[in-house]
Number of protein chains: 2
Amino acid sequence: MSSHASVPAFRPLYRQIQDLIVQALADKEWLPGEMIPSEMDLAARFEVSQGTVRRAIDELAAENLLVRRQGKGTFVATHADPRAFFRFLRLVPDEGGVPRSRSEPLECQTLRAGQEVAKALSIPYGDPVIQLRRILRLDSKPMVVDEIYLPADLFPDLTLDQLKASDRSLYTLFESLFGVRMVRAEEKIRAVAADPVAAQLLDLEVGTPLLSVERTAFTYGDRAAEWRRGLYSTVNHHYFNELG
Amino acid sequence: MSSHASVPAFRPLYRQIQDLIVQALADKEWLPGEMIPSEMDLAARFEVSQGTVRRAIDELAAENLLVRRQGKGTFVATHADPRAFFRFLRLVPDEGGVPRSRSEPLECQTLRAGQEVAKALSIPYGDPVIQLRRILRLDSKPMVVDEIYLPADLFPDLTLDQLKASDRSLYTLFESLFGVRMVRAEEKIRAVAADPVAAQLLDLEVGTPLLSVERTAFTYGDRAAEWRRGLYSTVNHHYFNELG
DNA sequence: CAGTGGTCTAGACCACGTG
DNA sequence: ACGTGGTCTAGACCACTGA
């Protein structure tokens, strides 16, 4: 009998299947948007019953890794799906529906991770990272200025031109160019006063209260793959959140 | 064949069972913290298989209406459970663990709903509402000033003395005194400058950037049961959010 | 029509908590 | 030892999609 009971010491079969599917996703066996094999096929492959595969897929669908479509099949979730888009952009207009958003890249350079970035990305101090700066426009008004850091090894040779050429969201771009899908993220939100640079970019008075939103985003297997700090104007918009 | 296909026109059995259980909860048949009947008993009561009841309870547990405890039974979720507490208070210290929180009620009066409050609570303009003002202290420092509105019919004869006598959270109090459990909430977050009143209460300079957090909270059946506006100091704390 | 996921059931057995 | 929820399986049938 084990003395320290902190480890579960029992892993249900459907969780093991779940892990195997996540591993296959991390190995890029099926890419974002593609259909994965049917429940029957996976049951044969893993040598379990169809019901057990079903349970595993159910949980992965609940975590937004997979999307079920009755009659068609089960697909790898993708940010290209518009429903997925506003799960990660929570700034919405006070009145009116969903805004048209447009990303305007300003800068893209490779540098070495400082203490803060290294810690946020769980990489060694001094490792190469890509720094990206951009403005996000909602209905063509500048609403967010972002500073984004990416571990360079996951995004080889990302250039400003690639960013400028895309009219899709950043995460959609990361998927299609590098096969890196952001699965979940954590945000820390504070209220700060606009500094001169942010004020100019957002077309506001210096000192205007802004939301500071720090985000760490994770890909399959809870690997940190992005850290960013955004300054959000909340004059005619607000950050919307749902508490479950 | 129905022409407008917008209505599902097919409601799975387990969803119907789900609805019946929620109805029983809304009818206060089982109170927060109490155990509900076993899956077998409910299966007999609703004349379906145990597996179907199981599926219904699974979904309600995922929505935090019920809590399963293996070997013991299934219980009505309650805010008295410390795990539930920080689902609704997302302000955490920049460094260090969970803070000790303490609510300091300032005022409690009944008045008539203005346009804004009536709309937020989905009640007629002019209906009686209870207005509550309070300060929330984290580790004994004032961090949040709240203005809270409640539909008076759900909280009969709530007094300032009752609030002052309690050392538990507001939502725990609402459960034990009125059987009203807050199930989910929506928040709208903005950055604002501290006005003189808030600045004094939070012990900050006038003009300090603060988070303005407007919350509508819902009880069983998505009935709005609270609206509040809080001003959060984010000098040494931040609002933490997880994006799924 | 065939193939996919979705629902419902029944039964066997496991893990956990309490007496 | 008993009752609770938790897992796994097998099979029948329903609902949706697309060729």
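Residues numbered from 1 in each chain as written. Chains lettered and ligands numbered in written order. Predicted model: local features only at pLDDT ≥ 70, side-chain atom pairs only at ≥ 80, totals over all residues. Heavy atoms only, no water.

Concerning the sheet that holds strand β10 (residues 223-232) of chain A
One open sheet accounts for 8 strands, arranged β5(A)-β6(A)-β7(A)-β10(A)-β9(A)-β8(A)-β11(B)-β4(B); its pairing is antiparallel. Two strands in the sheet have a free side with no partner beyond their single neighbour: β5 (101-112) of chain A together with β4 (91-93) of chain B. With direction set aside, neighbouring strand axes in the sheet form an average angle of 25 degrees. By the bridge criterion, 9 bridges tie strand β9 (residues 209-219) of chain A to β10 of chain A in an arrangement that is antiparallel. Across the sheet, the residue bridging to Ser212 of chain A is Leu231 of chain A, located in β10 of chain A. (Pairing = 2+ DSSP bridges. Helix = DSSP H or I, 4+ residues; strand = E, 2+ residues; numbered from the N terminus. Axes fitted to C-alpha atoms, helices over the stretch in contact; angles between N-to-C directions.)

Re the domain arrangement of chain A
Residue and element names in this part refer to chain A. With domains assigned, chain A is organised as domain 1 (13-76) and domain 2 (82-239). Relative placement of domain 1 and domain 2: their C-alpha centres are 30 Å apart. Taken together, the contact between domain 1 and domain 2 spans 8 residues of the former and 8 residues of the latter. Together, Pro32, Asn64 and Leu65 form the three largest contributors to the area buried by domain 1 at its contact with domain 2, with a combined 52%. Linking domain 1 with domain 2 are 0 salt bridges. (Domains from an automatic or database assignment. Contact = heavy atoms within 4.5 Å. Buried area = accessible area lost by both parts, 1.4 Å probe. Salt bridge = Lys/Arg side-chain N within 4 Å of Asp/Glu carboxyl O.)

Here's the deal with the packing of helix α2 (residues 39-46) of chain A against helix α3 (residues 50-62) of chain A
All names here are of chain A. Here α2 crosses α3 at 110 degrees, and the two axes come no closer than 8 Å. The orientation of α2 relative to α3 falls into the category roughly perpendicular. Where α2 approaches α3, its residues Glu39, Met40, Leu42 and Ala43 are matched on the opposing element by Gln50, Val53, Arg54 and Ile57. Classifying every residue of the contact of α2 with α3 gives 5 nonpolar, 1 polar and 2 charged. (Parallel < 35°, antiparallel > 145°, perpendicular 65-115°, else oblique. Nonpolar A, V, L, I, M, F, W, Y, C, P; charged D, E, K, R; others polar.)

Looking at the protein's contact with DNA strand C
The full set close to DNA strand C counts 21 residues, and Gln70 of chain A together with Leu13, Ser49, Thr52 and Gln70 of chain B are the nearest of them. Near-protein atoms of DNA strand C (within 4 Å) split between backbone and bases, with sugar and phosphate holding 89%. With respect to DNA strand C, the side chain of Arg68 of chain A contributes an N or O atom lying 2.8 Å from a phosphate oxygen. Separating a base nitrogen of DNA strand C from a backbone N or O atom of Gly71 of chain A is a distance of 2.9 Å. Those elements that provide at least two residues to the surface near DNA strand C are β2 (66-69) and β3 (73-76) of chain A together with α1 (13-26) and α3 (50-62) of chain B. Looking at the surface near DNA strand C, its residues break down into 5 nonpolar, 9 polar and 7 charged. (Near = heavy atom within 4 Å. Polar contact = N/O pair within 3.5 Å; in protein donor to acceptor, adjacent residues only side chain to side chain.)

Describing helix α1 (residues 13-26) of chain A
Residues and elements named next belong to chain A. For α1, built from 14 residues, the straight-helix expectation of 20 Å at 1.5 Å per residue is met to within 8% by its first-to-last C-alpha distance of 20 Å. Of the surrounding secondary structure, the elements contacted by the buried residues of α1 are α2, α3, β2 and β3. Two residues or fewer after α1 comes Lys28, characterised by a positive phi angle close to 60 degrees. (Expected span 1.5 Å × (residues − 1).)

A closer look at the interface of chain A and chain B
At the junction of the two partners, chain A supplies 30 residues and chain B supplies 30 residues. Between chain A and chain B lies a buried interface of about 2,600 Å² when both sides are counted; carbon and sulfur atoms form 53% of it. Taken together, chain A and chain B are joined by 4 salt bridges. Note that Asp94 of chain B and Arg190 of chain A form a salt bridge whose closest N and O atoms lie 3.0 Å from each other. Across the contact surface, chain A and chain B share 19 residue pairs in polar contact (both at pLDDT 80 or more).

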